[in-house]
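A look at the structure
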Amino acid sequence: PRPMGIEKGNEVGKDEQKNDMLLNPSVSDFQWNDAPTLAFPSISTSDFQFNMDKASDVIVEAVADFFSKVDKVKLILVDLSSKSKMLSLVKVKASKKNVDTTRFSTYAGDITRLYTGGGLHCNVIANASNWRLKPGGGGVNAAIFSAGGEALEIATKEQADTICPGSSIIVPVPRTSPLSQREGVTYVIHVLGPNMNPQRPNCLKDDYVKGCKVLYEAYSSLFNNFASIAR
Ligand code: AR6
């Protein structure tokens, strides 16, 4: 029954959904058994203004490298809209690179409502964080801290005060948090990606050699931390 959840979660009409299935075999192939699943947003490509084409190359490379080392875990790239440019870029590139579509999928919907909005069981979700690990600020960070409530804020502070670009930190979600109670999320992993926005700290000023390296490190750190929880 779970693939139905995917259709429910996509905020698109029936025809568009069919289209999406055809264009995106990963949605229909993905196997919804109970393997540990990480849902993650596209790090750095909105507020941090990282080039989407370059970011999609990095995501697919990081996923392929991770799958060559670790099995029995699943990954889902999430973005709010079914018209997301990031989701389409990654779908096309993942299929060209023969990434295992039974273990990797994309999903259009709110990462804080994967279960209640789409019927998806994702034990772990990733956040595109800021260096102070602070709530608010818009984007997926604001959404996750708002859904996680005060309990998530406190649990995050217990782990760290700050985070470096290219790294991630694991936060066990307290059972009192709505993210745990409502969505069944057991861990949030905060990730700090490279920043290309001159109005945010540590701007890389379009240095994409460094930027791609830091983005790859961010995803490797995220996936390795996820694997360490899944074990
Ligand atoms: N569910 C799924 N995906 C989302 C959601 C959501 N609820 N909200 C946004 N996205 P961004 P960044 C997608 O800007 O570029 C924050 O203020 C969005 O469409 O959240 O890494 C932090 O505090 C995009 O694809 O993160 C940092 O200061 C992706 O999430 C800064 O922004 C990431 O967009 C980080 O910027």
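Residues numbered from 1 in each chain as written. Predicted model: local features only at pLDDT ≥ 70, side-chain atom pairs only at ≥ 80, totals over all residues. Heavy atoms only, no water.

1. Topic: the overall build of the protein chain
Of regular secondary structure, the protein chain possesses nine helices and six strands. Out of the 231 residues in the protein chain, the part that is buried amounts to 50%. Sequence separation of 24 or more characterises 72% of the internal contacts of the protein chain that already satisfy a separation of 6 or more. Here the protein chain has roughly 11100 Å² of accessible surface; of this, 51% comes from carbon and sulfur atoms. (Helix = DSSP H or I, 4+ residues; strand = E, 2+ residues; numbered from the N terminus. Buried < 20%, exposed > 50% of the residue type's maximum accessible area, 1.4 Å probe, protein only. Contact = heavy atoms within 4.5 Å. Areas by Shrake-Rupley, 256 points an atom, 1.4 Å probe, with all protein chains shown as cover.)

2. Points about the pattern of salt bridges
Counted under the stated rule, the structure contains six salt bridges. A salt bridge links K93 to D53, with the shortest nitrogen-to-oxygen separation between them at 2.6 Å. One end of the pair, K93, is in helix α5 (residues 85-96); the other, D53, is in helix α4 (residues 52-69), with 40 residues separating them in the sequence. For D53, a relative accessible area of 38% puts it in the partly exposed group. Put simply, D53, D57 and K93 are held in one network by salt bridges that share partners. (Salt bridge = Lys/Arg side-chain N within 4 Å of Asp/Glu carboxyl O.)

3. Focus on unusual backbone geometry
The backbone of S44 sits at a positive phi, close to 75°, despite the residue not being glycine. Mapped onto the elements of the fold, S44 is located in the loop between β1 (37-41) and α4. A positive phi angle is found at L133, which is not glycine, with a value near 55°.

4. Looking at helix α9 (residues 208-230)
Look at α9: 32 Å from first C-alpha to last across 23 residues, which is about the 33 Å you get at 1.5 Å a residue. Of the residues that open α9, the one with a side-chain oxygen 3.2 Å from the backbone nitrogen of V209 is D207. (Expected span 1.5 Å × (residues − 1). Polar contact = N/O pair within 3.5 Å; in protein donor to acceptor, adjacent residues only side chain to side chain.)

5. Let's talk about the sheet that holds strand β5 (residues 167-172)
In space, the six strands of this open sheet follow the order β3-β2-β1-β4-β6-β5, with mixed pairing throughout. Of all the strands in the sheet, the pair left with one neighbour each is β3 (104-108) and β5. The average angle at which neighbouring strand axes cross in this sheet is 25°, direction not considered. Alignment of strand β4 (residues 124-128) against strand β6 (residues 187-192), held across five bridges, turns out to be parallel. Across the sheet, the residue bridging to I125 is V188, located in β6. Along the sheet, α5 contacts β2 (74-79) and β3; its crossing angle with β3, the most-contacted strand, is approximately 160°. (Pairing = 2+ DSSP bridges. Axes fitted to C-alpha atoms, helices over the stretch in contact; angles between N-to-C directions.)

Keep in mind these values describe shape, not function.
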